[in-house]
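Given next are the chains, with one letter for each unit.
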Amino acid sequence: MVRTIALLIGAGFVFVLGIALFGTISTAITDPAPETAEHEFHLHPKDAELSSAGLFGKFDRQQLQRGLKVYQEVCAACHSLKYVSFRDFEQLGYSEGQVKALAQAWPIEQPSVNPDTGEAATRKNVASDRIPSPYPNEVAARAANNNALPPDLSLITKARHDGANYVASLLNGYQNQPAELLRKFPDAKTPQGLHYNPYFANLNIAMPPPITADGQVTYEDGTPATREQMSKDVSAFLAWTAEPNLESRHAAGFAAVIFLAIFVFLTWGAYQNVWRGVKH
C-alpha cells in the first residue's frame, strides 16, 4: 500500500514537471526572447597564437619580458598585480641584480610608516615585495576611474573565458560602434564615459583604450611595438602570472601519460602470461 502511494506521488511529480517543461518549450518556440545587441554583436576572442597555448605549450621568455614592459609602462598605472612578487621575475630570465634594480626603479613605492612620526609613508621596493597597487584602497580606485574598479590582473586570464585570447582581443578591439548596430538597436548607443568594444560582454567598457598607438612602448630586443604585438605580449605575461608553473604541469602530465601507457602494456603482458593456456 505504501509503495503504491509513493509511486502515485512520484508519478504526479513527473507529470507536473512534464507539463512545466512542455510549457517552457512551447513558450520559447511561440514567443522567443527578443534579440539583443549584446547577443548579436558580441565577438568571441581571436586566437592570439601564444606559445603557451596547447597541451605542450611553453612560455617564450622574450615575449614575457616584453609583456612585463607593457604592463609596467601601460597597465600598472591602473591595475594591480597583488599575487606577484618582484623576485618572481627571475623566472622570466632576469638575474637577481636585474630584479633588484627593477624593484628599485618601479614607479609605485611600497606603503610604509614613518618610524619617527608614525605617519603613513612610502619606501623603495625590494625583491621580496609584492607588486604595489597604484591606489591606497578601493574607494580611491573608484574615485579615479569614474566609480569603476580596475580589476587585479594577477589571475585575470583564469577569471575570464578563453583567458589570454580574451585579453589580447579586448586590448586590440576598441572601435566605433557599427552603424548597423545603431540602426538595428537605436537604444544601444554607448553611454557617455564608456567605450565600445565587441569583445566585452555587454559591448561597453569603462576602461579607456590603454594601448592607443604603435610604438607606445620601446622593446629592448628590437621587436616592432605594434598595437597587436603589445596586446599579445602583455596577454602572454598575464598568462604567466596566472599560472607560472604551467610548463612543469605540462611536463608532469606528459610523464604521467607515458607512465600509464607503459603500465598498461606491462599489465597486458602479465595478464597474457598468467592466463596463458587457460580457457576463459
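Model, not experiment: these values are computed from the prediction.

Q: How should the pairing of strand β2 (residues 120–123) be read in this particular structure?
A: Consecutive residues of a regular strand have side chains that alternate between opposite faces of the sheet. In this sheet, β2 lies alongside strand β1 (residues 110–113) in antiparallel orientation, the contact comprising 4 bridges. Across the sheet, S112 pairs through a bridge with A121, a residue of β2. The antiparallel hairpin formed by β1 and β2 contains 6 residues in its connecting segment, where G118 sits at a positive phi of about 80°.

Q: Hey, could you run me through the packing of helix α7 (residues 163–171) against helix α9 (residues 227–242) in this one?
A: Angle between the axes and distance between the axes are the two parameters that describe a pair of packed helices. Taken N-terminus to C-terminus, the directions of α7 and α9 make an angle of 150°; their axes are 8 Å apart at the nearest point. Judged by the inter-axis angle, α7 sits roughly antiparallel to α9. When you trace α7 past α9, the crossing you get is right-handed. Mapping the contact onto sequence places A164, V167, A168 and L171 in α7 and R227, S231, K232, V234, S235, L238 and A239 in α9.

Q: Just checking my understanding: could you explain the packing of aromatic side chains for this structure?
A: In the structure shown here, the tally under the stated rule is 11 aromatic pairs. Measuring from centroid to centroid gives 6.3 Å for F89 and W240, while their planes differ by 40°, and the two rings are tilted. Of this pair, F89 sits in the loop between α3 (61–75) and α4 (96–105) while W240 sits in helix α9, and the two are 151 residues apart along the sequence. Each member of the pair, F89 as well as W240, is classed as buried. Each residue in the set Y71, F86, F89, W106, F237 and W240 is aromatic and connected to the rest through ring pairs, giving one cluster. R66 extends its terminal NZ or CZ atom over the ring of Y219, reaching a point 5.7 Å from the ring centre.

Cut-offs and rules
- Residues numbered from 1 in each chain as written.
- Predicted model: local features only at pLDDT ≥ 70, side-chain atom pairs only at ≥ 80, totals over all residues.
- Heavy atoms only, no water.
- Pairing = 2+ DSSP bridges.
- Helix = DSSP H or I, 4+ residues; strand = E, 2+ residues; numbered from the N terminus.
- Axes fitted to C-alpha atoms, helices over the stretch in contact; angles between N-to-C directions.
- Parallel < 35°, antiparallel > 145°, perpendicular 65-115°, else oblique.
- Left-handed = near helix turned anticlockwise from the far one by under 90°.
- Contact = heavy atoms within 4.5 Å.
- Phe/Tyr/Trp six-rings, centres within 6.5 Å; stacked < 30°, edge-to-face > 60°.
- Buried < 20%, exposed > 50% of the residue type's maximum accessible area, 1.4 Å probe, protein only.
- Lys NZ or Arg CZ within 6 Å of the ring centre and 35° of its normal.

Bear in mind that shape data such as this cannot, by itself, settle questions of function.
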